[in-house]
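Structure at a glance
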Amino acid sequence: MIIKQLSVFLENKIGRLTEMTKILSENNINISAFSVADTADFGIVRCIVSKPDEAYKVLKEMRFSVNITDVVGMIVPHEPGGLYKALKILSENNVPVEYMYAFAFNSAASVIIRSESNEEVIKVLQNNKMKLLSASDVYEL
């Protein structure tokens, strides 16, 4: 149930994100999900890719600052309150969420969650009959 996520630190300058995606493209690595957060000097791209270990290697070789982080994915109904119900379960079980990002398509939303205790996220969500994503589910999107 653990999914490998890349965190890539990019200078805030035109073309840097384009360069990163070009490298992934040239290595036949698909991006399934991503989030970009920025500050004045740099941005952090968090992404789920089809071949995380290979992506890490090629980005490092091209002098990108990149890390692999474990995250958890779940499916929630794409309806009012769908995300609330999942987050309420985590809150009621004292499971912290460091950050998350999501996308919805048709009747379901895929949510990526990072917590200091991913194992606890998995346990609590499974105990409450929430649908989790496997790494292969996400890598192949």
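The model shown is predicted, which means the values in this text are computed figures rather than measured ones.

**A few points about unusual backbone geometry**
With phi around 70°, R63 is a residue other than glycine that occupies positive phi space. Looking at the element boundaries, R63 is found in the loop between α2 (52-61) and β4 (65-77).

**Thoughts on the packing of aromatic side chains**
Enumeration over the complete set of coordinates arrives at one aromatic pair. Measuring from ring centre to ring centre gives 6.4 Å for F9 and F42, while their planes differ by 50°; the resulting arrangement is tilted. Of this pair, F9 sits in strand β1 (residues 2-11) while F42 is found in strand β3 (residues 42-49), placing the two residues 33 residues apart along the sequence. F42 gets classed as partly exposed once you look at its relative accessible area, which sits at 36%.

**Here we look at the side chain of S50**
Looking at the secondary structure, you find S50 in the loop between β3 and α2. The contact partners of S50, leaving out residues within four places of it in the chain, are N28, I29, N30 and Y139.

What counts and what doesn't
- Residues numbered from 1 in each chain as written.
- Predicted model: local features only at pLDDT ≥ 70, side-chain atom pairs only at ≥ 80, totals over all residues.
- Heavy atoms only, no water.
- Helix = DSSP H or I, 4+ residues; strand = E, 2+ residues; numbered from the N terminus.
- Phe/Tyr/Trp six-rings, centres within 6.5 Å; stacked < 30°, edge-to-face > 60°.
- Buried < 20%, exposed > 50% of the residue type's maximum accessible area, 1.4 Å probe, protein only.
- Contact = heavy atoms within 4.5 Å.

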